[in-house]
Each structure stands twice: as C-alpha cells, then as structure tokens.
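Residues per chain, in single letters:
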Amino acid sequence: MSKVENLDRILEQFGPHLHDAPDGGWAADRVIDNVVPTHCPYCAVQCGLNLLVEKNKVVGFEPRYDFPVNEGRLCPKGVTAYLQTHHPDRLLYPLIKRNGYFERASWDDALDLIVSKFQEIQAKYGKDAIGIYSGSSLTTEKTYLMGKFARAGLGTRYIDYNGRLCMVSAAAGNNKAFGIDRAANPFADIPLAEVLIIAGANCAETFPVLNKYLWEQRDNGGRWIVIDPRETATARQGDLHLQLKPGTDVAVANGMLNVMVRENLIDEDFIANSTNDWEATRTVIEKYTPDVASQISDVPAKKIEQAGLLYGRAKTGMIMHARGIEHHTNGVNNVLSYINIVLATGKIGEPGKGYGTITGQGNGQGGREHGQKADQLPGQRSMLNAEHRKYVCDVWGLPEEELPEAGVSVVEMFDKMREGEIKGFFSLCNNGMVSLPDTNKIRQSLENLEFNVNVDFFMSESSRYADVVLPGTTWAEDEGVTANSEARVIKINKAVDPPGEAKTDWWIVCEIARRMGRGKYFNFNSPREIFDELRVASKGGNADYYGITYEKIEKQNGVFWMCPTLDHPGTPRLFEDKKFYHPDKKAKFHPIEYKPPAEVPDAEYPLALTTGRVVYQYLSGNQTRRIGFLVEQCPEPYVEIHPETALALKINDGERVKVVSRRGEGVFPALIVRTIRPDTIFIPYHWGEQLAANQLTNPALDPISKIPEYKACAARIEKIHSRELPILGRNRKGASLSEVRRGK
Amino acid sequence: MQETMFIDPQRCIGCRSCVAACRECSTHKGYSMIFVDHIDRSETTATMPTVCMHCTEPTCALVCPADAIKMNEDGVVMSALKPRCLDCRNCVNACPFGVPKYNTAMHLQMKCDMCYDRTSEGLKPMCASVCPTGAISFGKYEQIVPLRRTKPVNAHVFGNQHVETKVYLMLPTDETEVNIDGCGVFEGRIGLTGEQQAQTGESWIDTQEEQSDKSNEF
Amino acid sequence: MATAAKKLTRSGAINYMHPTIIGVIASAVLTLLVIVGSRNLEHFDSALFGYTIASIVAFGAIAFRYAIWLQRPATRTYFRRGLQLFFQRKKFAANTASAATTVATNLVAQKFIFKRGTMRWLMHALIMWGCVIAALITFPLVFGWVHFELEGDLGYRAYLFGIPTQLMQGRDIFAWIVFHGLDFSAVMVIAGCAIAIHRRLKDRGAIATQTFLLDFVPHMMLIAISVSGLMLTASSLWFEGYMYSFVAMVHQATVIMTLFYLPFGKLFHVVQRPASIGVELYQRRSREMPQAVCPRCKTEFVGQMWIDDLKKVVGELGFDYRMANGQTLQDYCPRCKRIMRGLAYAGLPDTKEKVFYGTREEAGHTETTKSEKSSQQ
C-alpha cells in the first residue's frame, strides 16, 4: 500500500532542488588534499576524470588527459557530475514511510522492518512473491551481488535489471548471430574504418565523447552513413542521412544488403567458411530491392543505393547501432538485419572492420554479464543450462535445488505486481516511474505492492512509492569495476566517504541477506572480495573475468574481457581468427522479413511518436535534473514537430500542445524544426509524472528480448490554446519572434 | 606561448560541455565565458561555439575608456583589470565577435582569457580539454593542422573591416578569410515561402544561452 | 606570472603639450594654495618641506596623466557626454541625485566590490579608509594648512588655515585618537595589504594574471609607509627617539616614492574610479532614451545614444565595421553577432566538405547560388 500522498512535502524535503556550485561555493584558492583518478558515472564511454578532494569533499574535477579512451574529454554531464556528491538533496539516513510521510529511522529499524516484511510475504505467498529490480549503472561487483542476492539470498526467481530497457535487443541479436554478447571492436578501430554505418544512434547527444573517434575517422577521410528519423547533430554531420520512418530499419538494412548482393560486393569466402544460413537469408534479401525498401521506409531509393555502394565498396567499415533500432518490438530483428550486412561483407574481426552496439548505461556491458538478468548467471552463463547452473552453485556453495528457475523481464514483472503475484519489491539503481513504458500502469503496479523497498542516493520518482527508502552511495563514494561500451573493464575509485549515514549498496544488500539468515553466502567486507568471487564465478564463461585484477586494470588503463588467465592481456578485438562462439565456431545469418511496429499511425492517431534523450540529461534524470547547469540548458521536455505538420495543425513555435496516445496524454511546448520527418514527432523522456514521455509510449515487447517499443507508437497532437511560454523562452527579457507573432 | 586555439564549428554538437567546464577556470571561477549558440534551431541542429578570438588589435581594448583590457606578451587579451573596470560595456558592444561579458552588480567585465591560469602552466584550457569532438582544440599549429582536412584561417572580414586573430577558425573550404557581411540566413531557409518562414522564425530554444539579458551579462 | 603587456597601436598620436600645461598649472595652483593656506608660509613646517615638494610634483604628474587618459577616444566621449548630460537643465536635480547615489554606493560603500567578494571588500575598505584617514591628517599638516599651538600645560589648539579651533586637553580620549590617527590608519593599511597579499599568493586565478610590478609593489610600498610610520611612533613613545631621524628619512623616502608611483601603476584607479559617476549617469540616462533595436533579432538591447557614441569611437580608432546592408556591426546585439558568424560559416561554399549539412533535400539548397542567398538577407 505504498501510495504517494504528500507529494508537496516530499518535493520540499527531497527535491529535485537545483544545486550548481561545489561545496562551499566557487573558489580558486582551495588546498586540494587528494586527486582521485576515476571515471564518469554516466554513459558507457566511461570517460576518465580526476576528482579533486578537499577535506573529504569532492570540490571539482580535472581532466584525465592520460586515460586513452577520452584523453580528458567530457560531456556536460561529466563536467558537472561531481556536483551530485554533496548535493543538498542527498538522502542521508534511512527513511520509513509512516502515515504517508517519510520519517527518519535507524539502520537497525529499517533493516529489521525489511527483513520481517520480506519473511512474512515469502511465508504467506511463497519465495517468488518478492521481485528485485536492479540496474546497470551499478559497478559490476554490485550487479553480480544483486543476482546472487535474488537467487541465494531471497531465493526468488524474479529478478531483472533496467538494461532490459536498454541493451537486451543488442545482446539477444549478438548471441544469436555470434554466440557472444559484446561489442566486437575497440573504439580505436573506428578511425581505421573507411565507412561507418551509424544506425539509430544520436551519439552526439547520448554518447558525446565517442565523437572524438568519429571525427578522427573523418579526419582520415572516412564517411558516415547515419540512419535516423531525425536530423540529429550526428546525422547533420554525416555524409549520407537516411531519414527513415520509425520502425522500418529492417527494410533499410535489407535494402542496403540487396544492393551489395546485386553488385557482388559480398565476401563469398568468408560466407562459405565462417557462416551458416546464408542461402535462406539471401532469398529474403533479394526481395528487398532499393525500391521496395524505399516504399516501406520512405527513404529515397537513390540514397539506399548510395549507402549500399558506399559501405559495400569500402575496404574497411564498421556498423554501430543503439537504442534507435533496438527499442522496438522488432528490436532483435533490426539488430540481426544489420549483423547480416556485417557477415555478408565479411567486415569483422580486423582493424577497422567491425561491429558494435553503443551501450547506454555506464556499466551497460558489465551489468549484462554477471547474472542480474532474469535468465542469466555470472559470466554470461544461462539459467536454462544445467551445466552452467551446477558450476555457479558450486562456486556459491548453494545446493542446486535451491537455485530458482529463470524469471521474467521487468515489464512482465510489473504486470505480475499488478496482477498480485509479486507482493514485495526491492529496487536499486533505477527509476521505473520515468523510464518504463506506460507510466500510468507502472504506478498501479507500485501502488498494488504490499511492501516496497528502494535504495537510492536521491529520492527518485519511484522512491516516493516505497515504504522504506535506504540511502545509497554515489560513484565517488565506493570502488568497483565497470565495463564500458567496448568491453574495457575499468576501475571506479573511491574519492570520499559517504555523507551522513549513507551506506554502500553492497553493504546494504549483504546486511539484508545476513539478517535473513543467508549470511554465509554474503560474507563480503569489500568490493574487492566480491570481485574475487566474481572472477571465479565467471571463469570459463563467455565473459571470463578470471584474469582481471584491480591492479591489472590500473596498470593497463583497463582490461578488455575475456581474460581467462592472470597473464592474459585481455581481448580488445573479437573474432580475429574468424571463429565465432557457436558450437561449430561459425556465425549465423538470420533471414529477417520486415514487420511493422506494434502500433502504426492511423486516422485517429496520425503521427509516429518516438522518444529519446538530450545531451544535458541522463536516463531517468534522477541525478541530472538536480544540477543547475544541466537544468538551465534543458529544463523541461518538448515535442519536436515538423513545420508542415505544425502549419496544418496551426501550432506556433513554443506553444504548449497536448500529445495524446492510446495510453495517456501530456502537455509539452512545441519545438518546430525542419530536422524531423513531417509524419514523426519526438519527445525526450527524462522527466517523470505529468512530464513523462512514457505516459504515451507503448509497452509492447519484443518477443525475444522483451524490450519495450519506446521508439515507435501512434499519437496525435491537440491544440489547447495555451498561452504559457516554454521555460527557456520565459527567461528572456526581450520578446522572441514567436511571442511577437502571437501579438504579445 | 606557441599554442593557440582552433575552432571548427562544423564539428560542434552543441553539448555545451565547454560552457560548463569554463566555470572551473580559476580566473573566472563559477562564471562561464564561452558561448554555444544555435545558428537557427528551426532549420538545423548546427551550433556555433564562440571563445575569444584574441584579436591582434583588439577592438575591445581600444574602446575601453579605462584602459583596463590588456594584451599580454603571448597575445592573449585578458579580462578587464578589476580596479579599473567601470562596467561601461563599451567592449561588450564593440567586440565584433560578441565575446566580452559584464556584470553590473560587480562593476566588472570578464571575458575568455584562454584559461590563462592553465595555459601559462602548460595545461590545455578547460573548453579545449573537454570538447568531445575537437570543435575547440588547443595546441601548436604544426601539431593540429596536419591532422585536419579543414583549413586554418585567422582573418575575418566584417563589412569593411579586416580583423586578424590569434585563434584560428577551421574552414571546410579553400577560402582565406571568413566574410561576415549582413546578418545572413541559413541555407535551408532559402526558397521557403513567407508562410513557412513565419512558421519557423527564431526558435525559442535559440535563446537559451542568454538567460539574463540580450547583452552578455554573466 | 604574466609579464608586461603588449603596447596597442591605433590610439592615435598622443598629444603631450596640453597635458604638460595642465600638469604645470595644477602644480602651480597647489603651490599657491600652500602659500595662501599657510598664511605666507608662516605656519609652514620646514621639516616637511620634502613632502610638500613631492606632493606638488606628484599632483602635477597626476593631472598630466589624467589629461593624457582623457585623450583616449572612448574616455573623451564619455567625459564630454557625461558633462553634457549632467548639465542638462531639466535633469539637473535627477542627475545630482544619480551622482550622489553613485558616490554613496560605489565610492563610499563600494557595494560592487562586496559583490566581487566579501574578503576583497574588507581588504579594500581597510586599505582605502586607512589611506583616506592618513591623507586627511597629513596633507593639511604638510601644506601648513593646519598647525598646533601649545596652550597651558597640556592643552593644544589646532589652527585651520590660521583660524583657531577647539582647544584639546592632551590627556582626553579625543585628543588621543586625533594624535594617534596615523597609527590607526597604518594598522588598517597593513591589515588590508596582508589580506591582499595573502590572496595573491593563494588564488590560482590571481597567480596566473598578476605581475610583481603592478600587483605586489603597491602593497609593499603601502606596508613600508605604514610600518615606518608606526616605528616613528614607537621610537618617540617607548625608545626615547632612538633612530628617530633615520626612520623619519625612510618614511619620507617611501612616501615620496609612492606619491611618484601614483599616476602610473595600479594606484591610478584612485583618481580614475570617480569616473564611474559619469558612466553610471550615462547608463541611467540612456535607459530612458530610445533603445537600439538589433536589426536581426528585433530586440532592444541598449540605448541608441550609447550605440551611436560607440560607433563614433570605433570609427575614431580607425576601425570600419560598416557593412554592405547599411548597418554597422555594432548595431547588432552580441548574440546576433555570434550567430551571424555561424551563418557566414554555414554559408561557405562546400568545396571540400559539407558544412552544417547532411544531405537533406527538401529545402532545395543544393541548387541555390550565392546571389540568391544574399537577396534573402
């Protein structure tokens, strides 16, 4: 029964408030006690940065020029990341909700309450009545611990993580095609590629520092083909922009491959020696001539032709993709159709030839390797594989019969919460009320719970629904490893002690397990001890961490897994021997037919709504919506509308309009731009409650990866004759042209 | 100082990392002295990063009634000397690049001084350190230019006036100077009907970089 | 540390003739005042002769430097326009009020320094008020405008321009304060300079931009004056005049050096800062006048008079920012100037690389020629 009853009070107590200066204000005369090399907490480039510490407070940063991935570069989120450590909104002590108000509690009271409630629920409804929802912004140690906590600590089958909203389509596609889930090439290969295909990735805003490599490639004379329904900064800078209809990626990819097959730009030797199922795929591909592809995707056939020739004729080339093609009910198919291009041209496993998915969260790669996924065990082992189950149980010392079966994806888990199958909930490192599709349903799920525990360092939109909120730590207050988008395992270092009574996440989880009588499986006193167990647990799996140590990471500036032995240097590039990870060592083609998204525009909802990110905010915004600088740049979501569409609907620039889908509606200021397709609208999703783009999105899932379809649903725009200006427009003293036009 | 800055606007992704990082500089702690402006958000995502170009004959210094703006031996045009600056804002409105900022409450002008606290010690300025794409780079001419396909140009023409700067602009063409004559219009707008023009005037999002005022108050 | 600044050209040839005349006149006037004020040197203390001469020379030098400063086109424009605005008959009351406000908030309370930093304000207030007190006490003595005469055992009477004032008892607290005024001011100056030097040694921004000659020497000179002054008091009070004449000579040397330094270095801001009365008046009045509208974004951004004066100054300096469309660059607001540069960059012909574009087609930009483009402006 965890409703939000006193929102005003919660907002007053816990924010989001804006904070925009280091502790004690800006000063140029600080005496820095310590410079701690670590990494940015946000996206999966995991840029290196140095934190400046004065009197146990993080007071600034200094670029880390010597870290090879970013060489000091940072995006605005990275630059301001240090401001969150001493933010006034930080949760400093455990909170228990009593009579609708969060009240300060001691750790003992809070933990005892959690334990007694969990035990009560499990006794009454069975072990599986508790769901765990974890995240990929945690260090790998913690993600490993969360998987173990669910299975060995609580004995529930229901655990999943927010990578389900992020990486799973790519992971499933990779596993199906290559038998392994990892970006195949290091970033350093990008500048060596003649042609890059960037599909559904606005790396300029979501992965800014990758642009360093993209522009190095450009400086080497390289070309980019960008596939995106919007002319993003990335698409603008590209040489060829295929502005497709949302959700028609398969047609475009098949169309390009069709051109390459027709022009005989494929690598027959590679196909014959290293792959399976080409003939069936070829038959499908032959149907997708540029004209057919053009009809489906609305990309001019000429451009598909050009793109196919450009990539096909190039000696080297790489394909990179991100959520734009993955957030679909056809997400896995979209991924596989691009992998088909890679395999057919044999552009893999060599410098400048390769394939990679652009990970979303900081530890999007590491977080999907060690068993916090519903069906996964450490080292990318599977819960469905008896051998894998036995190995992990042996490492844990857990009787095999105690290891639960595989669970379900997070969206399905929330369905089960609504249906009453899951009664207790433990969430850490996520904010479903912003990031899950159809937030109105998500709210019902949370309100339907008997007992809800949340760990976070800021009160998120989801934390407000919890019965107990425990104060966790930011990245600057704990150590551990993460794996960035190129599968480079790097080390986050501790800069300062947690503020107030805040505790590290791993301590909280271990302590709950201990109090539930499962302490023997959670006898950890430091992240290093967890990592050492993880190394053993992952040994022999695909994601083999056994040879990685903290010291080695420091020495080599990161270690690429797999790294099976202590003297192994790591594996920056996969498939160098053209051997893949299926039992017959061959890669697999998949014949993919185009299927439309689950919901297509119709007379009632004539526009395609797609969602995404802005450079100033990170994911659910729980961290970034509190930092003054970032909020100033982008204080609220908006809806991008093409001028033709706006003209037809008589909408002015900056006017607030109502966007309606079958699931909900929201009011957003219109940003009228020619950089989007006339039949498409776009809303960034970082905000919660009434501002959430996910009030509108479709929770339809990909049948394989169970990823929701964030990137395509049907919507319409209604004029509401609002005179309220956008927040940014309001700040200016002089009137903008749009205000003048409106006769103000 | 042999190093200088190289600005390549076509690489700019408009992330304003430089704007955030600029505040970390010791000479103007907490205040950003760099601009990233949308050139026309209705039409394009293109943005223009503007740092001080450090003119060889700085208009700002010459129009200063208090003689407060000095150029040092490295050719870096410094912020106004604090005891002298009268906050008259002549520099703010005279600068051909729209660079200097002022604050009335402090009676002070400040501007980009190429992070002199860092560059005088051999470190890169903050903006050039963090810029993800290399739209703002700092280094020696012979280190940066051979790596690029763009052409470094430090001559700017504003109407009849030639302005030469310490900082280079990287041009994607063979021009030898940048000519700013008239207020310009984005290519994409050419050929639009009047109705379409009116539909996409200057976007409200274009204004976000100047929260306070039209005239560069920090 | 930064070293000497580059000399900028374009300021035009400096005319030294007028400033020299003004300097000489200023010295002559001060000399006259000394003679008159001390009743034909009747009350003049010959021991202070060195100081007097130095003051007269320094005063002339400051006037000379001020006159040269006024030759800067911008300064001259502000100066003339300031006077012109001030003496507009209908606005005289308002202008006086404006000037009074500026004096109170800027010159006396120094609110703007407070905004720059609290410690900075304290530092500046200590140094400034220390110097002001010291100057108010010493200069009248040096010029013979004030002298004291003994009355009875312990009584003193001060004479201002030879006119007797209140009799003071040597032992009462008021007299004690007056006689030790210089000691208090010395302590204030030392404290202020200590804060300043401390900041200059710790603040990384200051460290990068300061120079020894411009930023440390003035503080050191002020400290030298204050310390030697205090030593004089100590010598006469507790050490029965031990080394008194030597310390007095040192004191005199440091004071004279500082007086001669006044027109050139950092301390010139003391005479420069009152110009903010004119600048503020100018700003206040131009806010009431018609505003310049940026021709590109159609926003009012600053007074039209201001922009017109500025354009004139820019022209006098030998710049020509006039453009083909009849506007001058300074007509545009700063943001539009930045955007115009971006647009000019975007409009460069794509010979090597696409500039700000992918390959969007619907706008038909590929067919556009340069001439069509300019017709749109």
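Residues numbered from 1 in each chain as written. Chains lettered and ligands numbered in written order. Predicted model: local features only at pLDDT ≥ 70, side-chain atom pairs only at ≥ 80, totals over all residues.

1. Describing the overall build of chain A
Part 1: Of the regular secondary structure elements, chain A holds 26 helices and 30 strands.
Part 2: Since a compact globule built from 744 residues should have a radius of gyration of about 27 Å, the 25 Å found for chain A is in line with a globular shape.
Part 3: Principal-axis analysis of the C-alpha atoms gives chain A an extent of 70 × 70 × 60 Å.
Part 4: Counting the 744 residues in chain A, one finds 65% classified as buried. (Helix = DSSP H or I, 4+ residues; strand = E, 2+ residues; numbered from the N terminus. Rg over C-alpha atoms; globule rule 2.2 N^0.38 Å. Buried ≥ 20, exposed ≤ 12 C-beta atoms within 10 Å, placed from the backbone.)

2. Describing helix H11 (residues 278-287) of chain A
Residues and elements named next belong to chain A.
Part 1: Within H11, burial applies to Thr 281, Val 284 and Ile 285. For H11, the angular spread of the buried residues around the axis is 100°, confining them to a single face. Exposed side of H11, more than 90 degrees from the buried face: Glu 279, Ala 280, Thr 283 and Lys 287 are the residues found there.
Part 2: For H11, the secondary structure elements touched by its buried residues are helix H9 (249-262) and helix H15 (331-345). (Arc of directions from axis to C-beta. Contact = placed C-beta atoms within 7 Å.)

3. Regarding the pairing of strand S6 (residues 130-134) of chain A
Residue and element names in this part refer to chain A.
Part 1: Burial analysis of S6 places five of its five residues in the buried class, which makes it a mostly covered element.
Part 2: Burial of S6 is two-sided: the residues Ile 130, Ile 132 and Ser 134 facing one way and the residues Gly 131 and Tyr 133 facing the other way are all buried.
Part 3: By the bridge criterion, four bridges tie S6 to strand S16 (residues 424-428) in an arrangement that is parallel. Opposite Ile 130, over in S16, you have Gly 424 as the bridge partner.
Part 4: With three bridges connecting them, S6 and strand S7 (residues 159-161) associate as parallel partners. Each residue of the ladder has a partner; that of Ser 134, found in S7, is Tyr 161. (Pairing = 2+ DSSP bridges.)

4. Notes on the packing of helix H4 (residues 92-108) of chain C against helix H13 (residues 275-288) of chain C
Residue and element names in this part refer to chain C.
Part 1: For the pair H4 and H13, interaxial distance at closest approach is 9 Å and the crossing angle is 130°. With respect to their mutual orientation, H4 and H13 come out oblique. Of the two elements, H4 crosses H13, and the hand of that crossing is right-handed. Across the interface between the two elements, Asn 95, Ser 98, Ala 99, Thr 102, Val 103 and Asn 106 from H4 touch Ser 276, Ile 277, Glu 280, Leu 281 and Arg 284 from H13.
Part 2: For the contact of H4 with H13, the residue count by class is four nonpolar, five polar and two charged. (Axes fitted to C-alpha atoms, helices over the stretch in contact; angles between N-to-C directions. Parallel < 35°, antiparallel > 145°, perpendicular 65-115°, else oblique. Left-handed = near helix turned anticlockwise from the far one by under 90°. Nonpolar A, V, L, I, M, F, W, Y, C, P; charged D, E, K, R; others polar.)

5. Notes on the domain arrangement of chain A
All names here are of chain A.
Part 1: Per the domain assignment, the segments of chain A are domain 1 (20-84), domain 2 (95-166 + 363-526), domain 3 (184-357) and domain 4 (607-741).
Part 2: A straight line from the C-alpha centre of domain 3 to that of domain 4 covers 28 Å.
Part 3: Taken together, the 20 residues of domain 3 in the interface contact 22 residues of domain 4.
Part 4: For the side of domain 3 that touches domain 4, the secondary-structure elements that each account for two or more residues are helix H6 (203-206), helix H14 (323-326) and H15.
Part 5: Looking at the side of domain 3 that touches domain 4, its residues break down into four nonpolar, ten polar and six charged. (Domains from an automatic or database assignment.)

6. Observations concerning the domain arrangement of chain C
Residue and element names in this part refer to chain C.
Part 1: For chain C, the assigned domains are domain 1 (17-278) and domain 2 (290-349).
Part 2: Placing the centre of domain 1 and that of domain 2 at their C-alpha centroids yields a distance of 43 Å.
Part 3: Taken together, the four residues of domain 1 in the interface contact five residues of domain 2.
Part 4: Taken together, the residues of the side of domain 1 that touches domain 2 sort by class into two nonpolar, one polar and one charged.

7. Considerations on the environment of Gln304(C)
Residues and elements named next belong to chain C.
Part 1: Within the secondary structure, Gln 304 sits in helix H14 (residues 304-316).
Part 2: Of the residues examined, Gln 304 has 15 C-beta atoms within 10 Å and is grouped as partly exposed.
Part 3: Spatially, the C-alpha atoms of Gln 304 and Val 293 are 8.0 Å apart, while their sequence positions differ by eleven residues.
Part 4: Residues within four places of Gln 304 in sequence aside, it is in contact with Met 289, Pro 290, Gln 291 and Ala 292.

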